[in-house]
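The chain contents come next:
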Amino acid sequence: MLNFEKWKVIWILFICVMGLLVASPNLVKQESLQSWPDFMPTSQLKLGLDLQGGAEILFEVDMEEYLQDKREILRDDVLGALRGKRGERESISRSGLGIVGDAVRVRITKAEQIEDAIKRINELASPLNTGLATTTNFDIAVTAVGNQVIEATYTQQYIDQKKREVVAESIEIIRDRIDPDGVLELTIQRQGEERIVVQVPGASDPQSIIDRVNVKAKMAFHDVDSSVTVEEALQGRIPPGAMLLQSTRAEDGYVLVKRRPLITGDRLANATVGTHPEYGAPIVNFRFDSIGARKFAEHTAANIGRPFAVVLDDRVITAPRINSAILGGSGYIEGGFTIETANELAILLNAGALPATLYPVQQRTVGPELGADSIAAGQYAALIGFSAVIVFIIISYGLFGVFANIALIMNLVLVAAALSLFGAALTLPGIAGIVLTIGMAVDANVLIFERIREEIKSGKSPLNAVEAGYSRALSAIIDANITTFIAAAI
């Protein structure tokens, strides 16, 4: 005999009631939700780009520029390794150190020092983090290519890993830059190996999004190189491991700084807009995290009387002289800001610097009129499809069809509740999926009812036929849902 355990009935009723409550905010306007009690859910279905209108931009990561920057750092590391530490090991005679193609090349002038040079450069290699306890993959490979020339190149495994990391990090930074408060329904996802799709519903100016995303906001602190004068550097006599940067202030001209930064912007804990303590102009206050504050304190304590440079996007903001140890781990940036530009810089610094340059390769704007048309078309399609299924089921199965339609309505309510609860954005393909769900949702009922008909034809009583219909159709229902899940997952 049919027997439904009480806990199952209670659980089903609970799920249905909760689904109705969670989906109910979609029946009223956003303004009306403000007057709802605090215990009531207020999440509504969000409309995607194709329904609400907005901007879509496809960015491509400039991995070659990123890797070239890494090669320049590797070149400086190779130079330091060949020089050796003063008093510990002798310097290796060399010539022609530079970047050739995708490799750092150096010629060892004394043949007897080649093995030692390879050993020293190999010491720069680090094992790749593959999530395994042990690994034989390293970030650089060192080879002797003949004529006493040694090459150091980044391995393909390292390049592939960096591609994944750079794209993943860029996605998070883009999200923080465009939507620092987390109120927009952004869609940001990887496309291929080096591309990122950004969809901003409600946006009408793709260029403003591109401008905000493409600001580097790369902040770092560098030692000032005093080994040669700026005039000599302007004539091309730039020492190895140094670079000549222009100052944001015309009176300062250019500043020669060490290429390797003392502290990078990833050690910033916070950036806020403030006013200058003396003349009240807008400034950007910043504060280091504990590691950055400690490094800054140690460096300033050991270099009193020497200048250091604050560099933002390859331009020197200021290059003050260290008069005493700076122990607080905080400071400020001044640069003729307005309130708007200072706030923009604070947002960018908090979001972090992009690991690589992003180039827009495609952009499009979807007008809200097209979105409204899509919504109307989707509503008509859902209404027509839903009504047709209801009528067909009632005609085919009578009273059983009424019960099936009640379950079908609850199915749609639970779908809407789940989308609202998880903050999913409803798109045009999503509407098509819901319409398809209307047809697929009756599949189990059809299997059950057809089984009941077969059992009745075989001579069983209606009650026994119903029990057999539910029990024997279960395996077919499970098969249908598993295959549907596999297709959806793929």
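Fair warning: this is a prediction, and the values are worked out from it, not measured in the lab.

Chemist: How should the overall build of the chain be read in this particular structure?
Modeler: Secondary structure assignment for the chain yields 15 helices and 19 strands. Since a compact globule built from 490 residues should have a radius of gyration of about 23 Å, the 33 Å found for the chain marks it as more spread out than a globular shape. Projected onto its principal axes, the C-alpha coordinates of the chain cover approximately 100 × 60 × 40 Å. Taken across its 490 residues, the chain has 35% of its residues classed as buried. The long-range fraction of contacts in the chain, counting pairs at least 24 apart against all pairs at least 6 apart in sequence, stands at 64%. Surface accessibility of the chain: about 27900 Å² in total, with carbon and sulfur atoms responsible for 57%. Here the chain contributes 45 positively and 57 negatively charged side chains, and the mean placements of these two sets differ by 5 Å.

Chemist: Any chance you could explain unusual backbone geometry here in plain terms?
Modeler: Glycine aside, the phi torsion of most residues is negative, and most peptide linkages are trans. Despite not being glycine, N147 shows a phi value in the positive range, around 55 degrees. Here N147 is to be found in the loop between β5 (140–146) and β6 (149–154). Judged by its relative accessible area of 61%, N147 falls in the exposed class. A positive phi is found at Q148, a non-glycine position, where the angle reads about 60 degrees. Note on placement: Q148 falls in the loop between β5 and β6.

Chemist: Is there a simple way to think about the sheet that holds strand β13 (residues 268–275) in this case?
Modeler: Ordered by their spatial adjacency, 3 strands build an open sheet running β13-β14-β17, and the pairing between neighbours is antiparallel. The open sheet has two edge strands with one neighbour each: β13 and β17 (330–333). Taken pair by pair, the neighbouring strands of this sheet meet at an average axis angle of 25 degrees, ignoring direction. Relative to strand β14 (residues 282–288), β13 is paired through 7 bridges, and the arrangement is antiparallel.

Chemist: Looking at this structure, how should I read the pattern of salt bridges?
Modeler: Proximity of charged atoms lets side chains of opposite charge pair with each other. Counting across every chain of the model gives 18 salt bridges. In this structure, R364 engages E56 in a salt bridge whose closest nitrogen and oxygen atoms are separated by 2.8 Å. Pair noted here: R364 is in strand β18 (residues 358–366) and E56 is in strand β2 (residues 54–61), with a separation of 308 residues, a long-range link. The partly exposed category is assigned to R364, whose relative accessible area is 39%.

Chemist: Sorry, what's going on with the side chain of T300 here?
Modeler: Mapping T300 onto the fold places it in helix α8 (residues 290–302). Among residues more than four places away in sequence, those in contact with T300 are I322, S324, A325 and I326.

Chemist: What is the right way to read the pairing of strand β4 (residues 103–108) from this model?
Modeler: Pairing of strand β3 (residues 94–100) with β4, which is carried by 5 bridges, proceeds in the antiparallel orientation. The partner of S95 across the bridge, within β4, is R107. Between β3 and the antiparallel strand that follows it, β4, lie 2 residues; G101 among them carries a positive phi value of about 65 degrees.

Chemist: I'm lost on the packing of helix α3 (residues 63–83) against helix α4 (residues 114–122) in this one. Help?
Modeler: For any two helices packed against each other, one specifies the inter-axial angle together with the distance between the axes. Interaxial distance between α3 and α4 falls to 9 Å at its minimum, and their mutual angle equals 130 degrees. As judged from the angle between their axes, α3 and α4 are oblique. Along this stretch, α3 crosses α4, giving a crossing that reads as right-handed. Residues V78, A81, L82 and R83 of α3 form the contact with α4, whose participating residues are A117, R120 and I121. Here the contact of α3 with α4 is built from residues that sort into 5 nonpolar, no polar and 2 charged.

Chemist: Teacher, can you tell me more about a nonpolar patch on the surface here?
Modeler: On the surface, W7, W11, F14, I15, V17, M18, L21 and L414 cluster together to form a nonpolar patch covering roughly 750 Å² of accessible area. No other element matches helix α1 (residues 6–23), which puts 7 residues into the nonpolar patch. Here W7 shows up in helix α1.

Chemist: What's the story with the packing of helix α11 (residues 399–421) against helix α12 (residues 428–440) in this structure? I'm lost.
Modeler: Between α11 and α12, the least distance of the axes is 10 Å, while the angle of their chain directions is 150 degrees. The orientation of α11 relative to α12 falls into the category roughly antiparallel. With respect to the hand of their crossing, α11 and α12 are arranged in right-handed fashion. Residue-level inspection shows L408, N411, L412, V415 and L419 of α11 in contact with α12, the latter providing I434, T437 and I438. The class makeup of the residues in the contact of α11 with α12 is 6 nonpolar, 2 polar and no charged.

Reading the values: the criteria
Residues numbered from 1 in each chain as written. Predicted model: local features only at pLDDT ≥ 70, side-chain atom pairs only at ≥ 80, totals over all residues. Heavy atoms only, no water. Helix = DSSP H or I, 4+ residues; strand = E, 2+ residues; numbered from the N terminus. Rg over C-alpha atoms; globule rule 2.2 N^0.38 Å. Buried < 20%, exposed > 50% of the residue type's maximum accessible area, 1.4 Å probe, protein only. Contact = heavy atoms within 4.5 Å. Areas by Shrake-Rupley, 256 points an atom, 1.4 Å probe, with all protein chains shown as cover. Lys, Arg positive; Asp, Glu negative; His and termini not counted. Charge placed at Lys NZ, Arg CZ, Asp CG, Glu CD. Pairing = 2+ DSSP bridges. Axes fitted to C-alpha atoms, helices over the stretch in contact; angles between N-to-C directions. Salt bridge = Lys/Arg side-chain N within 4 Å of Asp/Glu carboxyl O. Parallel < 35°, antiparallel > 145°, perpendicular 65-115°, else oblique. Left-handed = near helix turned anticlockwise from the far one by under 90°. Nonpolar A, V, L, I, M, F, W, Y, C, P; charged D, E, K, R; others polar. Patch = residues over 30% accessible without salt bridge, like charges linked within 9 Å, V, L, I, M, F, W, Y side chains within 5 Å.

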